Amino acid sequence: MRIGIDFDNTIAGYDGLFATLAEERGLFQQAPVGKRDLRDALRRRPEGELTWRRLQATAYGARMGDAELQDGAARFIRICGQSGITVSIVSHKTRHANFASDGTDLRRAATMWMEAHGFFDAMGLKLSRDDIHFEDTRAAKVAKIAELNCQWFIDDLEEVFAEPGFPGSARAVLFDPHGAAVTAAGVAAGADLLRCRHWDEIGGHIFGAGH
Ligand SMILES: [Mg+2]
C-alpha cells in the first residue's frame, strides 16, 4: 500500500511563520494566525495579492527553516514505515517563486527542511529521497499521484482532489486543522472527502482506532 502526502501546509506548517513575517514587515501589529485569515486580510488591501505572494515566497524559501512540522505528522509517517506502507510526498512546488528576487531554490529549501527534521535518517522517518516528488503544476501533481497508484492522498487544498486526473482509486483526505475550509460549489470531491483536523485523526481512519 502507498499513501501520498502533500508537503506545504500539510506536513510543513507555516501559520506561525506567516504571522511573524507579516509583523516583521510592519503589515500588522498583531497578524491574524492561520494562513487563510492572514491571506484574506491582506487581499482586502490595495496590492494585497502581491503582498501575500511575496510573503509566501519568503516563507517557502529563505525562511523555510522556521516552518514547523505539523503536530502528529512525524508519528503518522513513522507508523506507516512500521506497517510496511510506503509514503510518497507529492508537492506542487516550482523551483523558484515568481515574486521573489532572492533566487532561493524552493525545492532545495524544502529538502533541507526535511533533512533537518530527520525525514531521511535511519533513526528518523526513514524516507528515501526517491519518495519525494516536486511537480511544476497541479495537473502534473495529480498525474504523479495516479502514476504512483496512491491508495490515499492527504492534502490541505480541496482543489487538488477536484483537479481533472485525480485518480478515482485514491481516497481523498482533507487536512483541515482550522476546520474552516469551504467547499466550493461544484467541487467534485465532495461526498467522498474525509475531513480531518489533526494527524492523529487521519491515523485513526487509516490504521484503525487506538493505533
Ligand atoms: Mg498544501
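Attention here is on the structure that accompanies the text. (Residues numbered from 1 in each chain as written. Predicted model: local features only at pLDDT ≥ 70, side-chain atom pairs only at ≥ 80, totals over all residues. Heavy atoms only, no water.)

Some points on the nonpolar core
Alright, step 1. Ranked by size, the top nonpolar core spans 50 residues in total, and within it Phe7, Tyr14, Phe76, Met114, Phe119 and Ile154 carry the most contacts.
Alright, step 2. Viewed by domain, this core spans two of them, domain 1 (2–12 + 68–207) and domain 2 (15–65), each represented by three or more residues.
Alright, step 3. If we ignore the near neighbours within four places in the chain, the residues touching Met114 are Phe7, Ile89, Phe119, Phe120, Ile132 and Phe134. (Core = buried A, V, L, I, M, F, W, Y, C linked by side-chain atoms within 4.5 Å. Buried < 20%, exposed > 50% of the residue type's maximum accessible area, 1.4 Å probe, protein only. Domains from an automatic or database assignment. Contact = heavy atoms within 4.5 Å.)

Some points on the environment of Ile132
Alright, step 1. In this structure, Ile132 sits in strand S5 (residues 132–135).
Alright, step 2. You can call Ile132 buried: its relative accessible area is 14%.
Alright, step 3. Along the sequence, Ile132 and Phe7 sit 125 residues apart, while their C-alpha atoms lie 9.4 Å from each other.
Alright, step 4. With sequence-adjacent residues up to four places away left out, Ile132 is seen in contact with Ile89, Met114, Phe120 and Leu127. (Helix = DSSP H or I, 4+ residues; strand = E, 2+ residues; numbered from the N terminus.)

Some words on the coordination of the magnesium ion
Alright, step 1. For the magnesium ion, the full set of protein donor atoms is Asp6 (OD), Asp8 (O) and Asp156 (OD), at a range of 2.1 to 2.2 Å.
Alright, step 2. In terms of primary sequence, the donors binding the magnesium ion are separated according to D-x1-D-x147-D. Residue Asp8 is found in the loop between strand S1 (2–5) and strand S2 (12–13), and its partner Asp156 is found in the loop between strand S6 (152–155) and helix H7 (158–162); the two are separated by 148 residues along the sequence.
Alright, step 3. The class for Asp8 is buried, based on a relative accessible area of 10%. (Donors = N, O, S within 2.8 Å, 3.2 Å for Na, K, Ca; no water.)

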